[in-house]
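Observations on the three-dimensional arrangement
Listed below are the residues making up each chain.
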Amino acid sequence: MTSLKSTILSGSVYLALRQFAGILITVGGSFFLSRVIGAQNLGIYGTAAAFELYLYVVASIGISSYLIRLPENIINNQLHTGFTILFFSSLLCILFSFI
């Protein structure tokens, strides 16, 4: 039981630190980007990024649910196919958002 407790505690600390680092990188990147491209262009970039995120969420909504609902004996080919579809749909959404 102690091993499980220590594993949960160390995993929780790791996830909290990772989340905090991600927030710092995001905020720092936003400050840097706003200084480099200016306020007006930052608004254009933000609109394109939000549009891309919306397209990605809509494109990937069924694939994640499908992979979660697979039975326990998942074939690696199914996981690779799901990853490939998600990867290329995200690339397509990124390219479409800049058009």
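So, a few notes on the structure that sits alongside this text. (Residues numbered from 1 in each chain as written. Predicted model: local features only at pLDDT ≥ 70, side-chain atom pairs only at ≥ 80, totals over all residues. Heavy atoms only, no water.)

**Considerations on the packing of helix α1 (residues 2-37) against helix α2 (residues 39-68)**
At their nearest, the axes of α1 and α2 sit 7 Å apart, and the two run at 125° to each other. Here α2 runs oblique to α1, going by the angle between their axes. Two packed elements cross with a definite hand, and for α1 against α2 that hand is right-handed. Between α1, through L33, S34 and I37, and α2, the contact on the second element is made entirely by A39, N41, L42 and Y45. Classifying every residue of the contact of α1 with α2 by side-chain character gives five nonpolar, two polar and no charged. (Axes fitted to C-alpha atoms, helices over the stretch in contact; angles between N-to-C directions. Helix = DSSP H or I, 4+ residues; strand = E, 2+ residues; numbered from the N terminus. Parallel < 35°, antiparallel > 145°, perpendicular 65-115°, else oblique. Left-handed = near helix turned anticlockwise from the far one by under 90°. Contact = heavy atoms within 4.5 Å. Nonpolar A, V, L, I, M, F, W, Y, C, P; charged D, E, K, R; others polar.)

**Side note on the packing of aromatic side chains**
Aromatic ring pairs are reported here in terms of the distance separating the ring centres and the angle at which the planes meet. Counted by the stated rule, this structure contains two aromatic pairs. Consider the rings of F83 and F87, whose centres lie 6.1 Å apart with planes at 20°: the pair is stacked. Of this pair, F83 and F87 both sit in helix α3 (residues 76-97), separated by four residues, roughly a single helical turn. Measuring from ring centre to ring centre gives 5.3 Å for F87 and F88, while their planes differ by 75°; the resulting arrangement is edge-to-face. Exposure remark for F87: the relative accessible area of 39% places this residue in the partly exposed category. In textbook terms, an aromatic cluster arises when at least three aromatic residues are bridged by ring pairs, as seen for F83, F87 and F88. (Phe/Tyr/Trp six-rings, centres within 6.5 Å; stacked < 30°, edge-to-face > 60°. Buried < 20%, exposed > 50% of the residue type's maximum accessible area, 1.4 Å probe, protein only.)

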